[in-house]
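# Survey of secondary and tertiary structure
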Amino acid sequence: MTNLTKPHPESRFWNRMAPGYARSTISDVENYERKLRETAALMRPDMQVLEIGCGTGSTALWHAPNVAHITATDLSSGMLDIAREKARTAAIENVTFVEAAAEDVPQPDRPYDMIMAHSLLHLVKDHREVITNMANMLAPGGFLVTSTICMSEGLSAFKLIAWPGRILGLLPRINFLRKRDLEDAVQDAGLKIHTCWRPGKRKAVFLIARKPA
Ligand SMILES: C[S@@+](CC[C@H](N)C(=O)[O-])C[C@H]1O[C@@H](n2cnc3c(N)ncnc32)[C@H](O)[C@@H]1O
């Protein structure tokens, strides 16, 4: 199933990255596992979940046994091919992988109980628009769960190479968000922050927000 009529401009970069991304190891296992645990604690067996920017599917496949169904989307067919293969190997049948850009995720028949977006919101053109769309697709009482790299508060040398790197096709689009930008966008979209922590100055911000019931 695909929602893209023509390849997204960023898909070339991410398709090229996909095999290496699948082979890479998690750099901060302790905090990755803490995020999984905090997310799983909010899940119920009847939940319908959406993940946007699922990459090679590791997080969706880890959570699959905890919920009824996960729709896991990404704009990269290369990432999704690997994710589907991992699901087949693990005999996980309640995750559907869909090719779709974050800006253009198909509206569900019924709202989602949880939407996840990890290492994604700093990559989209307009994080506020994507957050608002996610909020609109959530059921009352539903959760938004996101781990977001907020680079505006560090990595200043990286800012200098971000634009030339993109022109040369060596880097994807990157937005230099602050933690505050993320929190403001989530609250402006009508969600209430439930949890927000960052394990270190240069680490991703983990945020859980809830749509009022
Ligand atoms: C850094 S990887 C993170 C993958 C996964 N969420 C994880 O945490 O391991 C970013 C992913 O977002 C996808 N992506 C980038 N821009 C996107 C967009 N505008 N819409 C949907 N997916 C996007 C890429 O294809 C890639 O799979």
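Note that the coordinates shown come from a computational prediction; the quantities given were computed from them, not determined experimentally.

## Quick notes on the pairing of strand E7 (residues 205-210)
For E7, a buried count of five out of six residues is recorded, marking the element as mostly surrounded by other parts of the structure. Sheet analysis places strand E5 (residues 138-148) next to E7, joined by six bridges and oriented antiparallel. In the sheet register, Ser147 faces E7, and the bridge partner there is Phe206. By the bridge criterion, five bridges tie strand E6 (residues 192-197) to E7 in an arrangement that is antiparallel. Bridged to Ile193 within E7 is Ala209.

## With respect to unusual backbone geometry
Phi at Ala91 is positive, roughly 55°, even though this residue is not glycine. Mapped onto the secondary structure, Ala91 falls in the loop between helix H4 (77-89) and strand E3 (95-99). Ala91 sits in the exposed class, given 6 other C-beta atoms within 10 Å. Unlike most non-glycine residues, Ser119 shows phi in positive territory, near 55°. Examined against the element boundaries, Ser119 turns out to sit in the loop between strand E4 (112-118) and helix H5 (127-137).

## A short note on the environment of Met17
Here Met17 shows up in helix H1 (residues 11-23). The class for Met17 is partly exposed, based on 16 C-beta atoms found within 10 Å.

Rules behind the numbers
- Residues numbered from 1 in each chain as written.
- Predicted model: local features only at pLDDT ≥ 70, side-chain atom pairs only at ≥ 80, totals over all residues.
- Buried ≥ 20, exposed ≤ 12 C-beta atoms within 10 Å, placed from the backbone.
- Helix = DSSP H or I, 4+ residues; strand = E, 2+ residues; numbered from the N terminus.
- Pairing = 2+ DSSP bridges.

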